[in-house]
Amino acid sequence: MYVTTALDFAGYRITDYQGVVRGIVARAPTITQGIMGGLKQIIGGNTGTYTEMYEQAREEAFDLLGQHASARGANAVIGMRYDASDPGGHRHSATEVLCYGTAVVIEPAT
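The sections below set out a description of the structure shown in this document. (Residues numbered from 1 in each chain as written. Predicted model: local features only at pLDDT ≥ 70, side-chain atom pairs only at ≥ 80, totals over all residues. Heavy atoms only, no water.)

Focus on the side chain of Thr4
Take Thr4: it is sitting in the loop between strand 1 (2-3) and strand 2 (12-27). With a relative accessible area of 17%, Thr4 lands in the buried category. A polar contact is formed between the side chain of Thr4 and the backbone nitrogen of Ala6, at a distance of 3.1 Å. In this structure, Thr4 is in contact with Phe9, Val77, Ile78, Gly79 and Met80, ignoring residues within four places of it in sequence. (Helix = DSSP H or I, 4+ residues; strand = E, 2+ residues; numbered from the N terminus. Buried < 20%, exposed > 50% of the residue type's maximum accessible area, 1.4 Å probe, protein only. Polar contact = N/O pair within 3.5 Å; in protein donor to acceptor, adjacent residues only side chain to side chain. Contact = heavy atoms within 4.5 Å.)

Encoded structure:
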């Protein structure tokens, strides 16, 4: 699956649009991530445990985006973006990551 934040692929042409596709993940920290993240908030600095949790959520959302695009018959996604929020309203209680874009069919330009 080809994925880009751009609206086209150099050397390819879009032959069909399959619509908007997305992958969404809501992830809460593990107990260890919560404890370590809470301690790090007290002393300050980069909270690596939360960074790890967010990266896992982004990766899973990206994978789901590709699955959704494939299910629509696409071989590429253009205009891919991420959006994240804290649905519980409590800092670091959970994170919701949305990965979205437009599913397309591309072929090499002739």
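Notes on the packing of aromatic side chains
If you walk through the whole model with that rule in mind, you get two aromatic pairs. A centroid spacing of 6.0 Å and a plane angle of 65° characterise the contact between Tyr2 and Phe9, whose relative ring orientation is edge-to-face. Seen in terms of ring centroids, Tyr2 and Tyr12 are 5.5 Å apart; in terms of plane orientation they differ by 45°. Their pairing is tilted. In this pair, Tyr2 sits in strand 1 while Tyr12 sits in strand 2, placing the two residues ten residues apart along the sequence. Looking at Tyr2, the relative accessible area reads 40%, which means it is partly exposed. Among the aromatic residues, those joined into a cluster by ring pairs are Tyr2, Phe9 and Tyr12. (Phe/Tyr/Trp six-rings, centres within 6.5 Å; stacked < 30°, edge-to-face > 60°.)

Some points on the sheet that holds strand 4 (residues 95-108)
Whenever strands of a sheet pair, they do so through backbone hydrogen bonds, lying parallel or antiparallel. Spatially, the four strands line up as an open sheet ordered 1-3-4-2, and their pairing is mixed. Looking at which strands have only one partner, the edges of the open sheet turn out to be strand 1 and strand 2. Two strands pair when backbone bridges link them, and strand 3 (residues 76-85) and strand 4 are joined in this way by eight bridges, in the antiparallel orientation. Within strand 4, the residue paired with Ala84 across the bridge is Val97. Along the sheet, helix 2 (residues 48-71) makes contact with strand 1, strand 2, strand 3 and strand 4, crossing strand 2 at roughly 140°. (Pairing = 2+ DSSP bridges. Axes fitted to C-alpha atoms, helices over the stretch in contact; angles between N-to-C directions.)

As far as function goes, none of this settles anything; it's purely spatial.
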